[in-house]
Amino acid sequence: MYSFTNLEKYPNILAVCNCGRQFIPEEMYVCFTCSIALCRYCCNLEIAAFSCMNCLEAITPSDAITFKNRCSKCMECPTCKNILTITMCVDPQIPQFLNKLYFLCQFCFWDSKICGLAHEKIEDLLSSANKIHENRPMPNRDFNKLMIYYKDKMTSLEQHKKMNVRLKRKSISLVRQSHF
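Caption draft 1: Local environment of the packing of aromatic side chains. For the structure shown, the criterion picks out 2 aromatic pairs. Ring plane angle 40 degrees and centroid distance 6.1 Å describe the contact between Phe-23 and Tyr-41, whose orientation is recorded as tilted. Highlighted residues: Phe-23 in strand β2 (residues 22-23) and Tyr-41 in the loop between β4 (37-38) and β5 (50-51), separated in sequence by 18 residues. A relative accessible area of 7% places Phe-23 in the buried class. Aromatic pair Tyr-149 and Tyr-150: ring centres 5.1 Å apart, planes at 75 degrees, arrangement edge-to-face. Classification of Tyr-149 as partly exposed rests on a relative accessible area of 46%. The ring of Tyr-41 has Arg-21 sitting right over it, with the charged end atom 4.4 Å from the ring centre. Sitting over the face of the ring of Tyr-102, Lys-113 holds its NZ or CZ atom 4.6 Å from the ring centroid.

Caption draft 2: Local environment of the pattern of salt bridges. Evaluation of the coordinates by the stated rule reveals 3 salt bridges. The partner of Arg-40 in a salt bridge is Glu-27, and the shortest N-O contact between them spans 3.7 Å. With Arg-40 in the loop between β4 and β5 and Glu-27 in the loop between β2 and β3 (29-30), the pair connects residues that are 13 residues apart, well separated along the chain. Residue class for Glu-27 comes out buried when judged on its relative accessible area of 16%.

Caption draft 3: Main features of the environment of Tyr-29. For Tyr-29, the position within the fold is in strand β3. Spatially, the C-alpha atoms of Tyr-29 and Cys-39 are 6.1 Å apart, while their sequence positions differ by 10 residues. Look past the residues within four positions of Tyr-29 in its chain and what remains in contact with it is Ile-36, Ala-37, Leu-38, Cys-39, Arg-40 and Cys-43.

Caption draft 4: Molecular detail of the confidence of the model for the protein. In this model, the protein carries an average pLDDT of 81, and 84% of its residues clear a pLDDT of 70 or more. Here helix α3 (residues 139-179) is the element of the protein with the lowest mean pLDDT, 77, and strand β8 (residues 101-105) is the one with the highest, 91.

Caption draft 5: Molecular detail of the sheet that holds strand β7 (residues 84-88). Spatial strand order, β7-β8-β9: 3 strands in an open sheet with antiparallel pairing. Looking at the sheet topology across the chains shown, the edges are occupied by β7 and β9 (118-119). Pairing geometry for β8 and β9, over 2 bridges, is antiparallel. Across the sheet, Leu-101 pairs through a bridge with His-119, a residue of β9.

Caption draft 6: Examining a nonpolar patch on the surface more closely. A grouping of Leu-146, Tyr-149 and Tyr-150 is seen on the molecular surface, where their side chains present a nonpolar patch of about 350 Å² in accessible area. Note that Tyr-150 resides in helix α3.

Caption draft 7: Seen up close, the pairing of β8. Here β8 lies mainly inside the structure; 5 of its 5 residues are buried. With burial as the criterion, each face of β8 is covered, one bearing Leu-101, Phe-103 and Cys-105 and the other bearing Tyr-102 and Leu-104. Alignment of β7 against β8, held across 5 bridges, turns out to be antiparallel. Across the sheet, the residue bridging to Met-88 is Leu-101, located in β8.

Caption draft 8: Examining unusual backbone geometry more closely. With phi around 60 degrees, Ser-35 is a residue other than glycine that occupies positive phi space. Inspection of the secondary structure assignment puts Ser-35 in the loop between β3 and β4. Phi at Phe-109 takes a positive value of approximately 65 degrees, unusual for a residue other than glycine. Inspection of the secondary structure assignment puts Phe-109 in the loop between β8 and β9. In this structure Phe-109 comes out as exposed when scored by relative accessible area, which is 59%.

Basis of the calculations
- Residues numbered from 1 in each chain as written.
- Predicted model: local features only at pLDDT ≥ 70, side-chain atom pairs only at ≥ 80, totals over all residues.
- Heavy atoms only, no water.
- Phe/Tyr/Trp six-rings, centres within 6.5 Å; stacked < 30°, edge-to-face > 60°.
- Helix = DSSP H or I, 4+ residues; strand = E, 2+ residues; numbered from the N terminus.
- Buried < 20%, exposed > 50% of the residue type's maximum accessible area, 1.4 Å probe, protein only.
- Lys NZ or Arg CZ within 6 Å of the ring centre and 35° of its normal.
- Salt bridge = Lys/Arg side-chain N within 4 Å of Asp/Glu carboxyl O.
- Contact = heavy atoms within 4.5 Å.
- pLDDT = per-residue confidence, 0-100.
- Pairing = 2+ DSSP bridges.
- Patch = residues over 30% accessible without salt bridge, like charges linked within 9 Å, V, L, I, M, F, W, Y side chains within 5 Å.
- Areas by Shrake-Rupley, 256 points an atom, 1.4 Å probe, with all protein chains shown as cover.

Shown next as structure tokens:
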């Protein structure tokens, strides 16, 4: 928000929103189609575009959900969690990986040649890495199983407490009846 250092020099002009709040004109939003000025409280915020947080490439909303706000090209190092780069092997001492692309971490020097993940085309490398990523065990699945187990446990405990309350009420009413 804007703040004026010398308010005495400048006139204090406030714009009124439809909700009744007053703001300086710089804080108001104007719709160009209907020419209505709205404040920040009357506007609905929505995400217009998604971008990868590593390479800033624009991605579709479905890819953003699938790859957790990353593009399909940005992979995470399994040891240090940094971003992997795609590198070509030019070392003649390793003939099975010569002129093949693989993932390399610039921080801890982990490479995908260890697990045999190297291809001649980028598309093949990315598709095989995404298949491995999709087939890995998800911790959310285990967490969901635990949630279901503990929800069942909670409902059984609640039912047990309700039953105890009912039994106490019946025993109190039976005791009262026997005294009279």
